[in-house]
Amino acid sequence: MRRIQASQHRYFYCLLAIFAAALFLRAWRIAEIPDIVHIDEAGLGRNAWCLANYGIDRYFNEMPIYPENFGGGQSPLYTYLVVVLIRTVGRGSLNLTLLRLPGLLSSMVVVVFGTALLDLVYENKKATLTGALLLTFCPYFIMHGRYALDCNLMLGCSTVALYLLARYVRGGRLSQLVAYSAAFGMVMYSYALSYIVVPVFLCLITLYMLWCRKITLRRALLSAALVCVAALPVLLFIGTMVLGLPSIKFLGFTLSPTASSRLADISFANFRNNIVDILKYTLTHDGRPLDALDGFYTLYPVSIPFVLVGFAASCRQCLSSFRRRAYSHGFLFLSFYTAGLVAIGFSRGYLYRANYLFIAYLYFLVGGILAAYRFARSLGKYFCAALGVVYLLSAAMFIGYYFTSYSPAEDIPQFVPANDAIAYAKSLPEIREIHMDYAGVDEFYTLFFPESPYAIAEAAHEEGYGTLYFQITADTAFAPGNAYIVLKNNTALRAYIEDTGYQWQIVEYPSHCLYYAAPQ
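Attention here is on the structure that accompanies the text. (Residues numbered from 1 in each chain as written. Predicted model: local features only at pLDDT ≥ 70, side-chain atom pairs only at ≥ 80, totals over all residues. Heavy atoms only, no water.)

Moving on, we come to the sheet that holds strand 6 (residues 460-461). A sheet is described by the order of its strands in space; here seven strands give the open sequence 6-7-8-5-9-11-10, paired in mixed fashion. The strands lining the two open edges of the sheet, one partner per strand, are strand 6 and strand 10 (505-508). Across four bridges, strand 5 (residues 433-436) lies against strand 9 (residues 482-487) in parallel orientation. Bridge assignment links isoleucine 434 to a residue of strand 9, and that residue is alanine 483. Its contacts with the sheet put helix 20 (residues 491-498) on strand 9, strand 10 and strand 11 (512-516), and the angle it makes with strand 9 is roughly 150°. (Pairing = 2+ DSSP bridges. Helix = DSSP H or I, 4+ residues; strand = E, 2+ residues; numbered from the N terminus. Contact = heavy atoms within 4.5 Å. Axes fitted to C-alpha atoms, helices over the stretch in contact; angles between N-to-C directions.)

On to the nonpolar core, then. With 168 residues, the main nonpolar core has Phe184, Phe201 and Leu332 as its most contacted residues. Discounting chain neighbours no more than four positions away, the residues touching leucine 332 are Leu117, Leu162, Leu165, Ala166, Phe201, Ile205 and Tyr327. (Core = buried A, V, L, I, M, F, W, Y, C linked by side-chain atoms within 4.5 Å. Buried < 20%, exposed > 50% of the residue type's maximum accessible area, 1.4 Å probe, protein only.)

As a further point, take the packing of aromatic side chains. Across all of its chains, the model carries 50 aromatic pairs by this definition. Ring plane angle 25° and centroid distance 5.8 Å describe the contact between tyrosine 350 and tyrosine 352, whose orientation is recorded as stacked. In this structure tyrosine 352 comes out as partly exposed when scored by relative accessible area, which is 21%. Ring pairing ties together the aromatic residues Phe24, Trp28, Phe296, Tyr300, Tyr391, Phe398, Tyr401, Tyr402, Phe403 and Tyr406, which thus form one cluster. (Phe/Tyr/Trp six-rings, centres within 6.5 Å; stacked < 30°, edge-to-face > 60°.)

Attention now moves to the environment of glycine 340. By the element assignment, glycine 340 lies in helix 14 (residues 329-346). Once the C-alpha coordinates of glycine 340 and asparagine 355 are considered, the two residues, 15 residues apart in sequence, prove to be 9.5 Å apart. Sequence-distant contacts of glycine 340, that is, excluding residues within four places in its chain, are made with Val197, Tyr356 and Leu357.

The next subject is unusual backbone geometry. For residues other than glycine, phi is negative in most cases, and the peptide bonds are mostly trans. A cis amide bond links isoleucine 33 with the next residue in sequence, proline 34, at an omega value of 5°. Along the chain, the position of proline 34 falls in the loop between helix 1 (2-27) and helix 2 (39-54). At arginine 91, a position not held by glycine, the phi torsion is positive, near 50°. Residue arginine 91 is classed as exposed on the basis of its relative accessible area, which comes to 76%. The backbone of arginine 377 shows a phi angle near 55°, a positive value even though the residue is not glycine. Relative to the assigned elements, arginine 377 resides in the loop between helix 15 (358-376) and helix 16 (380-404).

If you check helix 5 (residues 125-137), its first and last C-alpha atoms are 18 Å apart, about what 13 residues at 1.5 Å a residue would give, namely 18 Å. For helix 5, every residue scored as buried is listed here: Ala127, Thr128, Gly131, Ala132, Leu134, Leu135 and Thr136. The distance from a side-chain oxygen at the start of helix 5 to the backbone nitrogen of lysine 126 is 2.9 Å, and the residue carrying that oxygen is asparagine 124. (Expected span 1.5 Å × (residues − 1). Polar contact = N/O pair within 3.5 Å; in protein donor to acceptor, adjacent residues only side chain to side chain.)

For a regular strand, side-chain orientation follows a simple rule: the groups alternate between the two sheet faces. Counting buried positions along strand 9 yields six of six residues, so the element is predominantly enclosed. Burial along strand 9 is two-sided: Asn482, Tyr484 and Val486 facing one way and Ala483, Ile485 and Leu487 facing the other are all buried. Of the pairings in the sheet, the one linking strand 9 to strand 11 comprises five bridges and is antiparallel in character. Directly across from tyrosine 484, in strand 11, lies its bridge partner tyrosine 515.

With that settled, consider a nonpolar patch on the surface. On the surface, a nonpolar cluster with roughly 350 Å² of combined accessible area is contributed by Val242, Leu243, Leu245 and Ile248. Its place among the elements puts leucine 243 in helix 11 (residues 232-243). (Patch = residues over 30% accessible without salt bridge, like charges linked within 9 Å, V, L, I, M, F, W, Y side chains within 5 Å. Areas by Shrake-Rupley, 256 points an atom, 1.4 Å probe, with all protein chains shown as cover. Salt bridge = Lys/Arg side-chain N within 4 Å of Asp/Glu carboxyl O.)

Mapped onto the secondary structure, serine 106 falls in helix 4 (residues 96-122). Residues contacting serine 106, with those up to four places away along its chain left out, are Asn152, Leu153 and Gly156.

Taken together, the four bridges between strand 10 and strand 11 define a ladder with antiparallel strand orientation. Along strand 11, the bridge assignment pairs glutamate 508 with cysteine 513. The loop that links strand 10 with its antiparallel partner strand 11 comprises three residues.

Within the structure shown, the criterion is met by seven salt bridges. Between glutamate 62 and lysine 249 there is a salt bridge, with the nearest N and O atoms lying 3.1 Å from each other. With glutamate 62 in the loop between helix 2 and strand 1 (68-69) and lysine 249 in strand 3 (residues 248-250), the pair connects residues that are 187 residues apart, well separated along the chain. Note that arginine 288 and aspartate 286 form a salt bridge whose closest N and O atoms lie 3.3 Å from each other. You can call aspartate 286 buried: its relative accessible area is 14%.

Right under this line is the structure:
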């Protein structure tokens, strides 16, 4: 008995240490790494600040269920979580740490509930610890939680929902059915692709559970009704968008078809190509430096063969259990993975859009490692030691690079806010106007220097508002008494400014140059 208790204590402390490491890797220097602000982060932050302080988004939509963003929309869950943080922790203010906090918390939810999910389906402490370590140290699971992209919350929400569904399969209690149904309803607030993923998945898994006698038809219908109730505002929003209805007030929120243009993204035309692309991108990278890096990939190169083996083993296990009408947890992940691929097929194959697939990849990866271990038999200990060393070296190299040398600002400097240059230009009493090389995206400014949306609207002009201009081109009138903040790599524009004949003062920053001259 004492040995069992000691073993359980060691297991608990190992998990606790792993979770602590996961939190550190996601929280440390989160406002500095990545060293850029994604354009959708800037838009989300500006909307959240306006909603928290004025009850409207930056386009003057009153408490929208689906906030508008650059002509499209952003998922409500992340936006309103930031609104709550601004009103509570920030006391009306917003900074980059606060903006990225929901992503960090969602990433930790993936670690904790992903580990609990593996414990449920494998009932093997070694498999659970392996999964916890992979969740903690694999690049994608770290990187996706360190910046404020609204869709990334779908991975965390889906992981919780799948865990609750797995608990219902084991326990069969009505309260567990209510819990997983409500959780899948909440998933639909996390990302627009869930409007396809959730119904397709629930149809597949419910039919399978009926076949395996894990749920009755009456309870299946009850579950569907509960999902609809939990997701009712989203379903009403979808209705206004599809039918082109006017705005509707519902429980203090506005249901407005602000993102109806996004319907054009749904197409059968590139269905096959989109799926092929996402299969490649989710196992390697898609060239965007915020979710995965060349050389390290999403789950490290060593993981790819194990994912494939685990996928094949899951398919085989499901086919065998289906004939016997016996439930297999593999179908839970295969059906979710299938529903996710269908959704991506209708959309575009970007890595960030497929974030929810990674809980299935985790299951396949752990299953592939277990299958390889069983195949090795007497050499199992040597296999585990060798694989552990490979993962340890991979993780050490990735973490060392990510926290010391990683700099997406080198590739996309246009996403680097010029805050220091702007603050210095504002401090100069002789400066009348400030022109910023922001390509017209004022959100990079208003995120860090917030002002009332009403005041901005009153002072708006074609290139900005008041004395602020958010685009610099060769047509801009350069004159003393103004400040011009230019991207350092925009050498053509810098040369043009320097050739205007004025005696410019030049202050250099990591990604920008500030030009100004005293009035003549």
